[in-house]
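Residue-level listing of the chains:
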Amino acid sequence: QVQLVESGGGLVQPGGSLRLSCVASRSIFSFNVMGWYRQAPGKERELVAELTNGGSTRYTLPVKGRFTISRDTAKNTVYLQMNSLKPEDTAVYYCNAGVHEYWGQGTQVTVSS
């Protein structure tokens, strides 16, 4: 079994920053892709960012230029650095390993003044 544990969510003001962490129970290189998804109330879960084993990245347009996905392979950890946060970024953020293969429990991000 694979466990993914997210952390780093919280309440921030518009324009603020957060860094989310996802710690996997085994090497992230055992997955072809790692990703971050988010789900706001009443909306479908959507891809935010993904990082392939080979290092390629992809972002949804609303976050492009503001969010950065990265990894620390020695710590089995994937990060999502979120800058210039907007109220519309408010959602539960989920870590994903593989192609929708494993999911973390989610961490709440709330952007509000």
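Predicted model, so just to flag it, every value in this text is computed and none were measured.

1. What about the overall build of the chain?
Along the chain, the regular secondary structure elements total 0 helices and 11 strands. Helices and strands in the chain line up, N terminus first, as β-β-β-β-β-β-β-β-β-β-β. Relative to a compact globule of 113 residues, whose C-alpha radius of gyration would be 13 Å, the chain shows 13 Å and is just as compact. Overall, the C-alpha framework of the chain stretches about 40 × 25 × 25 Å when taken along its three principal axes. Across the 113 residues that make up the chain, the buried fraction comes to 43%. Pairs at least 24 apart in sequence give 53% of the contacts found in the chain among residues at least 6 apart. With the model as given, the accessible surface of the chain reaches about 5,900 Å², and the carbon-plus-sulfur share is 47%. The positive charge centre, built from 11 side chains, and the negative charge centre, built from 8, are 4 Å apart in the chain.

2. Regarding the sheet that holds strand β1 (residues 4-7)
Overall, antiparallel pairing links the 4 strands, which are arranged β1-β3-β8-β7 in an open sheet. Every interior strand has two partners, whereas the edge strands, β1 and β7 (67-72), have only one. Direction aside, the axes of adjacent strands within the sheet are offset by 15° on average.

3. Observations regarding the state of the cysteines
Here, the word disulfide means a covalent bond between the sulfur atoms of two cysteines. Inspection of every chain in the model, using the stated rule, returns 1 disulfide. Here Cys-22 is linked by a disulfide to Cys-95, with a sulfur-sulfur distance of 2.0 Å. The sign of the -75° torsion about the S-S bond sets the Cys-22-Cys-95 disulfide as left-handed. With Cys-22 in strand β3 (residues 18-24) and Cys-95 in strand β9 (residues 91-97), the pair connects residues that are 73 residues apart, well separated along the chain. Across the pair, Cys-95 and Cys-22 agree in class, each one buried.

4. Regarding the packing of aromatic side chains
Counted according to the given criterion, the structure contains 2 aromatic pairs. Ring centres 5.9 Å apart and planes at 70° place the aromatic pair Phe-31 and Tyr-102 in the edge-to-face group. With Phe-31 in the loop between β3 and β4 (33-39) and Tyr-102 in strand β10 (residues 102-103), the pair connects residues that are 71 residues apart, well separated along the chain. Owing to a relative accessible area of 24%, Tyr-102 belongs among the partly exposed residues under this scheme. Measuring from centroid to centroid gives 5.1 Å for Tyr-37 and Trp-103, while their planes differ by 70°, and the two rings are edge-to-face. Of this pair, Tyr-37 sits in strand β4 while Trp-103 sits in strand β10, and the two are 66 residues apart along the sequence. By relative accessible area, Tyr-37 is classed as buried at 12%. When the ring centre of Tyr-94 is taken as origin, the NZ or CZ atom of Arg-45, which lies over that ring, is 3.7 Å away. Note that Arg-45 overlies the ring of Trp-103, its terminal NZ or CZ placed 4.7 Å from the centroid.

5. Concerning the nonpolar core
If you look at the biggest cluster of nonpolar residues, it comprises 29 residues, and the most contacted ones within it are Trp-36, Leu-80, Met-82 and Tyr-93. Sorting the residues of this core by element identifies β3, β4, β5 (46-52), β7, β8 (77-82), β9 and β11 (107-111) as the ones contributing at least two each.

Rules and cut-offs
- Residues numbered from 1 in each chain as written.
- Predicted model: local features only at pLDDT ≥ 70, side-chain atom pairs only at ≥ 80, totals over all residues.
- Heavy atoms only, no water.
- Helix = DSSP H or I, 4+ residues; strand = E, 2+ residues; numbered from the N terminus.
- Rg over C-alpha atoms; globule rule 2.2 N^0.38 Å.
- Buried < 20%, exposed > 50% of the residue type's maximum accessible area, 1.4 Å probe, protein only.
- Contact = heavy atoms within 4.5 Å.
- Areas by Shrake-Rupley, 256 points an atom, 1.4 Å probe, with all protein chains shown as cover.
- Lys, Arg positive; Asp, Glu negative; His and termini not counted.
- Charge placed at Lys NZ, Arg CZ, Asp CG, Glu CD.
- Pairing = 2+ DSSP bridges.
- Axes fitted to C-alpha atoms, helices over the stretch in contact; angles between N-to-C directions.
- Disulfide = S-S within 2.5 Å.
- Phe/Tyr/Trp six-rings, centres within 6.5 Å; stacked < 30°, edge-to-face > 60°.
- Lys NZ or Arg CZ within 6 Å of the ring centre and 35° of its normal.
- Core = buried A, V, L, I, M, F, W, Y, C linked by side-chain atoms within 4.5 Å.

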